[in-house]
Amino acid sequence: STDEAQKFWPVYYNFSDELNTVKREKKDDIIASDEKVLLIKKRYLIEFKKVLGTDERANKVFLCERNFGNFIKKEIENRQRLRALKQNRR
């Protein structure tokens, strides 16, 4: 609904910003980085549930984000492969 969207997107953008900050930090300690990501997700699960009403809908945020990320990765790989094929044909 429009009301949910107005409440959801600011929370989502904050979530996304926090994840991006952790991902930009030093990656020397993978475990510490993964732990920070997990803590952020746990915190925002509660926030998403407040907006979306149920655990199932809140969990879908993370599932959709993962699926979208996988889609983007595959699309980039496909485009790189096509570009390489075109260059090899020349």
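Higher on the page you've got the structure.
Quick notes on the rules
Residues numbered from 1 in each chain as written. Predicted model: local features only at pLDDT ≥ 70, side-chain atom pairs only at ≥ 80, totals over all residues. Heavy atoms only, no water. Salt bridge = Lys/Arg side-chain N within 4 Å of Asp/Glu carboxyl O. Helix = DSSP H or I, 4+ residues; strand = E, 2+ residues; numbered from the N terminus. Buried < 20%, exposed > 50% of the residue type's maximum accessible area, 1.4 Å probe, protein only.

S.K.: Could you clarify how one ought to interpret the pattern of salt bridges in this entry?
M.R.: Where charged atoms from two side chains of opposite charge approach closely, those side chains can pair. Overall, the coordinates contain seven salt bridges when judged by the stated rule. In this structure, the salt-bridge partner of Glu4 is Arg57, at a minimum N-O distance of 2.9 Å. Of this pair, Glu4 sits in helix H1 (residues 2-24) while Arg57 is found in helix H3 (residues 55-89), placing the two residues 53 residues apart along the sequence. For Arg57, a relative accessible area of 36% corresponds to the partly exposed category. The closest approach of N and O atoms between Arg43 and Glu18, which form a salt bridge, is 2.7 Å.

None of the figures reported here should be taken as evidence of function without further support.
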